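# Architecture at a glance
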Amino acid sequence: MGDQIDALAERFRRSYRREPVGVWSAPGRVNLIGDHTDYNEGFVLPIALAQRTWIALAPTTGATSRYTSVQADESMAVEREAEPGAVRGWAAYPAGVAWALRQDGHDVPALNVMIDSTVPVGAGLSSSAALECALALALCDLLSLELDPTDVAMIARRAENEFVGAPTGAMDQVTAMHGRAAHALAIDCRSFDVRPVPLVLPGRGLELVVLDSRTPHALVDSEYGERRRTCQEAASRLGVRALRDLEPAALKAALTRLPDEKMRRRVRHVVSENARVLACTGLLAAGGDPREIGSMMNDSHASLRDDFEVSAPRLDVAVTAAQGAGAAGARMTGGGFGGCVVALAEGSRADAVVAAVTEAYAQRGWERPTRIPATPSAGAARVR
Ligand code: GLA
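Here's what I pulled together on the structure shown here. Remember, predicted model here, so these are calculated numbers, not experimental data. (Residues numbered from 1 in each chain as written. Predicted model: local features only at pLDDT ≥ 70, side-chain atom pairs only at ≥ 80, totals over all residues. Heavy atoms only, no water.)

### Observations concerning helix H9 (residues 294-306)
Spacing of three or four residues puts side chains on the same side of an α-helix, whose turn is 3.6 residues. Keep this limit in mind: Helix and strand assignments come from DSSP, with helices taken as H or I runs of at least 4 residues and strands as E runs of at least 2, each series counted from the N terminus. What a helix is expected to span follows from its residue count: subtract one and scale by 1.5 Å. Here's how the labels work: a residue is buried when its accessible area is under 20% of the maximum for its type, exposed when over 50%, partly exposed in between, all with a 1.4 Å probe on protein chains only. Every residue pair with non-hydrogen atoms within 4.5 Å of one another is taken to be in contact.
For H9, built from 13 residues, the straight-helix expectation of 18 Å at 1.5 Å per residue is met to within 8% by its first-to-last C-alpha distance of 19 Å. Among the residues making up H9, those that are buried are Gly 294, Met 296, Met 297, Ser 300, His 301, Ser 303 and Leu 304. In this structure, the buried residues of H9 make contact with strand E1 (22-33), helix H8 (261-285), helix H10 (313-324), strand E9 (329-333) and strand E10 (340-346).

Below, the structure is given as structure tokens:
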């Protein structure tokens, strides 16, 4: 990691002909269980990954910020006072963070920024939240703002929702800020109370296998927004603030009050998924055998596939192949329509799980899935 930071600082010097004032970083994430629950004010159980985004930064004079990305191999000039809609592509994420802080009345100067990352882009592992959170933390330091990690996450989330225009929940940003090595994060997406629960898999002979399905995901934005609106409408018809307020015991009666089968299925997913997250959290917090969350991961996938309808053929095939190869549990993870699957397997079976998914893809003539190392890791921090 030290080498990566040195290399980034050196690139900064070469591009901007000056010293950065510091280097900050934030991780990507993978969600163990609890999808499409965050914007229903419910529960999630993600881990922060070891893959991170680093930024080196210095304030500059004038009206134009410059953001340079090593991965995109591109340098973008952005007006310091850019408003939502004015910036396209990856630069909207950092520009959105500067905008959100300005909205709060902070005098954000023009910036020189250099960005490097090991978080895969387009795999559904929250490379955007990693970038937003690294910059948000950097700007808080630069402006001497004493915000707690959840407040920083909320700035990053506003950048995503209001500047980039993606109507996401806050799971990704809260995870990037709060990540902890050897722990999953039990997040209450109403209070944003974050409780780290131990997740020491190698010590139990287990491994998390994350595979990028490499599905071209085109529908994500419109379908995500549609799911979100349906959930809100269901909550208001049921007279609750959010679907989080619907207890499993009240589900059956509640479903009879909804107008159509589609809405009933969406609600059933959210209510059952929240219950699964709470059960997994309780099990891990009590030091139980992580293998036991496997069946809940399987149920979560079935619910996302059949009730919430956000899976995709490559995700379903990967999950079925992983289960067939002896994984304790497997599910799609994140927003869906593509991205990754996460499987929990005996360490001794992990390679067999990957081989089974690879073989199932080959039989269908699909691109080989990419294995992504997944180790619960620390959250955003200043690293220099
Ligand atoms: C995306 C969003 C998150 C969350 C997940 C689904 O990753 O960014 O806020 O809603 O989808 O759980």
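### Digging into the pattern of salt bridges
Heads up, the condition is: By definition, a salt bridge exists where a carboxyl oxygen of Asp or Glu is found within 4 Å of a side-chain nitrogen of Lys or Arg.
Within this structure, the stated rule accounts for 29 salt bridges. One salt bridge connects Arg 29 with Asp 172, and the closest N-O pair in it is separated by 2.8 Å. Of this pair, Arg 29 sits in strand E1 while Asp 172 is found in helix H5 (residues 171-178), placing the two residues 143 residues apart along the sequence. Considered together, Arg 29 and Asp 172 belong to a single accessibility category, that of buried residues. Asp 107 is the salt-bridge partner of Arg 80, the closest N and O atoms lying 3.7 Å from each other. Taken together, the residues Arg 80 in the loop between strand E4 (74-79) and helix H2 (92-103) and Asp 107 in the loop between H2 and strand E5 (110-117) connect sequence positions 27 residues apart. Judged by relative accessible area, Arg 80 falls into the partly exposed class, the value being 22%. Because the salt bridges share partners, they merge into one network encompassing Asp 35, Glu 273, Arg 276 and Arg 331.

### Some thoughts on the sheet that holds strand E8 (residues 206-212)
The strands making up a sheet associate through backbone hydrogen bonding, with each pair oriented either parallel or antiparallel. So the rule is basically this: Two strands are counted as paired when DSSP detects at least two bridges linking them. An axis is simply a line fitted to the C-alpha atoms; with a helix, the fit covers only the stretch in contact. Between two such axes, the angle follows the N-to-C directions and lies from 0 to 180 degrees.
Across the sheet, which stays open at both edges, the four strands sit in the order E9-E10-E8-E11 with antiparallel pairing between neighbours. Only two strands of the sheet have a single partner each, and these edge strands are E9 and strand E11 (370-372). For this sheet, the mean angle separating the axes of adjacent strands, direction not counted, is 30°. With five bridges connecting them, E9 and E10 associate as antiparallel partners. The residue of E10 that forms the bridge with Gly 329 is Leu 344. Lying over the sheet, H10 contacts E9 and E10, oriented at roughly 165° with respect to E9. Where helix H11 (residues 350-363) meets the sheet, it contacts E8, E10 and E11, and its direction lies at approximately 20° from that of E8.

### Looking at the site of the ligand
Rules: In these notes, residues near a molecule or strand are those with any non-hydrogen atom within 4 Å of it. Any pair of N or O atoms that falls within 3.5 Å is considered a polar contact. Within protein, one atom must be able to donate a hydrogen and the other to accept it, and sequence-neighbouring residues count only if both atoms are side-chain atoms. The protein chains shown are the only cover counted for residues, whose accessible areas, like all others here, come from Shrake-Rupley with a 1.4 Å probe. Three categories are distinguished: nonpolar for Ala, Val, Leu, Ile, Met, Phe, Trp, Tyr, Cys and Pro, charged for Asp, Glu, Lys and Arg, and polar for the others, with Gly belonging to the last.
In the vicinity of the ligand, the residues found are Arg 29, Asp 35, His 36, Asp 38, Tyr 39, Thr 168, Gly 169, Met 171, Asp 172, Tyr 224, Gly 334 and Gly 335. Separating an oxygen atom of the ligand from a side-chain N or O atom of Asp 38 is a distance of 2.5 Å. One nitrogen or oxygen atom from the main chain of Gly 169 is found 3.0 Å from an oxygen atom belonging to the ligand. Notes on the ligand: free accessible area 300 Å², of which the protein chains cover 92%. Looking at side-chain class alone, the shell around the ligand contains three nonpolar, five polar and four charged residues.

### A closer look at the packing of aromatic side chains
Here is the rule we go by: Two aromatic rings, drawn from Phe, Tyr or Trp (for Trp, its six-membered ring), form a pair once their centres lie within 6.5 Å of each other, and the interplanar angle then sorts them: stacked below 30 degrees, edge-to-face above 60, tilted otherwise. In this scheme, the term charge over a ring applies when either NZ of a lysine or CZ of an arginine sits within 6 Å of the ring centre and within 35 degrees of the ring normal.
Applying the stated criterion to the full structure yields four aromatic pairs. Ring plane angle 50° and centroid distance 4.7 Å describe the contact between Phe 12 and Tyr 16, whose orientation is recorded as tilted. Residue Phe 12 and its partner Tyr 16 are located together in helix H1 (residues 2-16), separated by four residues, close to a single helical turn. Neither Phe 12 nor Tyr 16 differs from the other in exposure class; each is buried. Here the guanidinium or amino end of Arg 364 rests over the ring plane of Trp 366, the centre of that ring lying 5.8 Å away.

### Thoughts on the pairing of E5
When you tally the buried positions in E5, you get eight out of eight residues, the bulk of the element. Burial along E5 is two-sided: Ala 110, Asn 112, Met 114 and Asp 116 facing one way and Leu 111, Val 113, Ile 115 and Ser 117 facing the other are all buried. Sheet topology places strand E2 (residues 43-60) next to E5; eight bridges connect them, and they run antiparallel. Bridged to Ala 58 within E5 is Asn 112. Sheet topology places strand E3 (residues 64-69) next to E5; four bridges connect them, and they run parallel. Within the sheet, the bridge partner assigned to Arg 66 lies in E5 and is Asn 112.

On their own, these measurements won't tell you what the molecule is for.
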